[in-house]
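Survey of secondary and tertiary structure
Take a look at the letters that make up each chain.
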Amino acid sequence: MSLFGGLYVGKSGLQTSQNALNTVAHNLSNQNTTGYVRQQVAMTDTYYNTISTTKAISNSQTGDGVRYSEVRHIRDYFFDMKYREESGRYSFYETSYSTTLEIEDILGELDGAAFKDSLDGLWTAMEELSKTPSDSTYMSMLVSKAASFVQNATSVYQSFIEYQDNLNLQIKDAVDEINAIGTRIDELNKKISMIETGGIEKANDLRDERDLLIDTLAGYGNITYSEDANSRVTVRFNGTDFVTDAGAYKMGLQQDDETGFYTPYWEQNAIKTTDGNGREVLDISVAHVFKLSETISTDAGTDVGGLRALLLARGDHVANFLDLSNNATQKKLDALKLNSIDEYNKDPEGYEQKYYNDNIANSLMMNIEAEFDNLVHAVVTKVNEVLADNCDPKSGYLCNDDGTPMQLFLKGSYTPYEKITDKNEIQAAKDSGAKLYEIYDENGNGTRTYWKYVEEYDASDPDSRKNLYNCANLKINQELVQTPSKLGFVKEDGSTDYSLGKQLLKAFEDAEIYINPNATKASSFENCYTEIVNQMSTMGNVFKDVYEYQQLAVEQAESNRQSVIGVSSDEELEHMIMYQNAYNAASRYINVINTLLDSVISMAQ
């Protein structure tokens, strides 16, 4: 090899060492950059020049130096897969746990404590009134405690609804971010493929960004992914194509007109038709991202992803006591896949339990809303029933001015009584066992009017607001607030009605209520509320335990992954010294060749 050829060997050493030093510097400067993967230099020899060929031995060759072969992107597929799986499961339980904490705050330290006090206060007021029912002080106390009960009950229930709306907005934000991630992965696929197609350069920094996006996506749902020969990554989200060679598919959001709740669906799978008025009709029945009726199981992989957890926690509607009662609305019939109320009536308790387990039990918010509202509904109904049962329209005792039974609790926009005068309707009401209250016509002509008590569920009109005597429309009787003496337990003859106070107290003490259709034992009003709080606390502890376990699992998976992809400053400094020495050696080699060339040129002169 000529001396001039030796200069090229030295030059290759300088360039290669300099590039390697640049890679080391790049690693060190990004040591704390989230998602950065250390890069490793790979060197190889350049082409060889053949000096001579001999049949008996190998060819005589001389090398042209070293070249920078590639910068390897150091990752471990299995460590990545394990980290992303654990990360998705961690997000699921983190979301579930945070929801239980929010519910516990509402029930406990915030409005819930006041509700517990108001429930106890209502019972205390009844107890005191039962001792001295004619005392106006205790009448005022009962009305005041009842008003406090209503205020705190509606406040707790409204807090549930507000947090449910907050979860709904989180779902929208999550879907927006998922779509943004898919779009960006598709953009990076194109850039990486374009850079690496020639087989010369590696788009490692772009790969880091793409892998970080996949890490983030794994927190939202169960994903699978693979890289093809063109350096493009295809991603499936919860078993459906999300990012492919063709581009990124979009996850849409359908908003319910009644609740405002969002349901994520795959736009590519939705069926679009046109109705008779030319308007577009969207059918997402086969395009749902998640099947929320699936049993939550680690083995089945249904406990992965924060988006699923948000949807489960929120539920699909604002629940109330009807979701637990032995009454079937049309929505329940549809959910239970029943064709008629007769089919439901064959086994109402069994179908109610099935409806609850399939549609309510898995949702933290709907479950707590239904159980809490069921308690409030039972308290209000029981108190009003006792007052109505003791009403005497003939004497006006415990009656309103129009003769209807006086009620301590009312609904927002309608009376719990329905006036009927038609003889056939009256007879039908009597035959059905409905509660009827008889009064004489205001004109005193001897004709009779009946007031039908419609507090109970009316199967003939399941969607009527009059069936929903719940936290959403509950209010206190303002006439009694202004004049508590109207509730005076003094009969027309001036005698004190001691029995009424005792009936109220006994009804309150003896009332039995099941916390939900799965409960095997009935509870009193006070114990029922305690059971609701304890149930949520137990669920919170379960989620907390799994959440903390998953947190450790994610940390362990990340530690294993960092052992491969992480930048070690000590190791990089060792490489820096090695490449610096190689650079110096190449520089000295060139100096030697340069000296030899000077000597040869000088001798030639």
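Here the structure is a predicted model, which means the values were calculated and not measured.

A word on the overall build of the chain. When helices and strands are counted, the chain shows 15 helices and 17 strands. When burial is assessed residue by residue, the chain has 44% of its 605 residues classed as buried. For the chain, long-range pairs separated by at least 24 residues make up 67% of all intrachain contacts whose partners lie at least 6 apart in sequence. Of the accessible surface of the chain, which amounts to about 30600 Å², a share of 47% is contributed by carbon and sulfur atoms.

This paragraph deals with the nonpolar core. Residues Phe149, Phe237, Phe372, Leu408 and Phe409 are the most contacted members of the largest nonpolar core, which totals 100 residues. Broken down by element, the residue count for this core peaks at 21 residues, all from helix α4 (residues 136-196). Contacts of phenylalanine 372, omitting those with residues within four sequence positions, involve Phe115, Ala153, Val156, Tyr157, Phe160, Cys471, Tyr529 and Ile532.

In this structure the tally under the stated criterion is 25 salt bridges. Arginine 89 is the partner of aspartate 303 in a salt bridge, and the nearest nitrogen-oxygen pair spans 3.0 Å. Taken together, the residues span a long stretch of sequence, with aspartate 303 in the loop between β12 (280-283) and α6 (306-314) and arginine 89 in helix α2 (residues 77-107) at a distance of 214 residues. Each member of the pair, aspartate 303 as well as arginine 89, carries the same accessibility label: buried. As a salt-bridge pair, arginine 184 and glutamate 187 come within 3.0 Å of each other at their nearest N and O atoms. A residue pair is termed a helical-turn pair when its members lie 3 or 4 positions apart in one helix, as arginine 184 and glutamate 187 do in helix α4 at 3 residues. Among the charged side chains, a network of salt bridges with common partners joins Arg75, Asp80, Arg84, Asp211, Asp215, Glu558 and Arg561.

Here 4 strands make up an open sheet; going across it, the order is β5-β6-β7-β8 and the pairing antiparallel. Edge positions in the sheet fall to β5 (223-227) and β8 (247-248), since each of these pairs with one other strand and no more. Pairing analysis gives 3 bridges linking strand β6 (residues 233-237) to strand β7 (residues 240-244), with the strands arranged antiparallel. Pairing of phenylalanine 237 across the sheet is with threonine 240, part of β7. Against the sheet, helix α5 (residues 204-218) touches β5, β6 and β7, its axis set at about 160° to β5.

Next up on the list: the side chain of histidine 73. Its location among the elements puts histidine 73 in strand β4 (residues 66-73). Here aspartate 208 takes part through its side chain, which lies 2.5 Å from a polar atom of the side chain of histidine 73. In contact with histidine 73, other than residues within four places in its own chain, are Val37, Asn204, Arg207, Asp208 and Asp211.

Before going further, it helps to examine the side chain of serine 96. Here serine 96 shows up in helix α2. By relative accessible area, which is 6% here, serine 96 ends up buried. Of the polar contacts made by the side chain of serine 96, one reaches the backbone oxygen of phenylalanine 92; its length is 3.0 Å. In contact with serine 96, other than residues within four places in its own chain, are Ala309, Leu364 and Phe543.

Let us look at the packing of aromatic side chains. For any pair of aromatic rings, the description consists of the separation of the ring centres together with the inter-plane angle of the planes. All chains considered together, the criterion is met by 15 aromatic pairs. Ring geometry for phenylalanine 92 against tyrosine 93: centres 5.0 Å apart, planes inclined by 80°, an arrangement best described as edge-to-face. Both residues of the pair, phenylalanine 92 and tyrosine 93, count as buried. Connected via pairs of aromatic rings, a cluster forms that spans Phe115, Phe149, Phe160, Phe372, Phe409 and Tyr529.

This part takes up the environment of valine 41. Turning to its location among the elements, valine 41 is positioned in strand β1 (residues 39-45). Judged by its relative accessible area of 14%, valine 41 falls in the buried class. Each C-alpha atom of the pair valine 41 and valine 71 lies 4.7 Å from the other, and the pair is 30 residues apart in sequence.

This brings us to the packing of α2 against α6. It is the contact of α2 with α6, at a shortest axis distance of 7 Å, that shows an interaxial angle of 30°. For the element pair α2 / α6, the angle class is roughly parallel. Like other packed secondary-structure pairs, α2 and α6 cross with a definite hand, here right-handed. Touching Gly88, Ser91, Phe92, Thr95, Ser96 and Thr99 of α2 are Gly306, Arg308, Ala309, Leu310, Leu312 and Ala313, all from α6. Looking at the contact of α2 with α6, its residues break down into 5 nonpolar, 6 polar and 1 charged.

Let us look at the confidence of the model for the chain. Per-residue confidence for the chain gives a mean pLDDT of 84, with 88% of residues at or over 70. In the model, residues 462-466 has pLDDT below 50 throughout and makes 11 contacts with residues more than four positions away in sequence or in other chains.

Rules used throughout
- Residues numbered from 1 in each chain as written.
- Predicted model: local features only at pLDDT ≥ 70, side-chain atom pairs only at ≥ 80, totals over all residues.
- Heavy atoms only, no water.
- Helix = DSSP H or I, 4+ residues; strand = E, 2+ residues; numbered from the N terminus.
- Buried < 20%, exposed > 50% of the residue type's maximum accessible area, 1.4 Å probe, protein only.
- Contact = heavy atoms within 4.5 Å.
- Areas by Shrake-Rupley, 256 points an atom, 1.4 Å probe, with all protein chains shown as cover.
- Core = buried A, V, L, I, M, F, W, Y, C linked by side-chain atoms within 4.5 Å.
- Salt bridge = Lys/Arg side-chain N within 4 Å of Asp/Glu carboxyl O.
- Pairing = 2+ DSSP bridges.
- Axes fitted to C-alpha atoms, helices over the stretch in contact; angles between N-to-C directions.
- Polar contact = N/O pair within 3.5 Å; in protein donor to acceptor, adjacent residues only side chain to side chain.
- Phe/Tyr/Trp six-rings, centres within 6.5 Å; stacked < 30°, edge-to-face > 60°.
- Parallel < 35°, antiparallel > 145°, perpendicular 65-115°, else oblique.
- Left-handed = near helix turned anticlockwise from the far one by under 90°.
- Nonpolar A, V, L, I, M, F, W, Y, C, P; charged D, E, K, R; others polar.
- pLDDT = per-residue confidence, 0-100.

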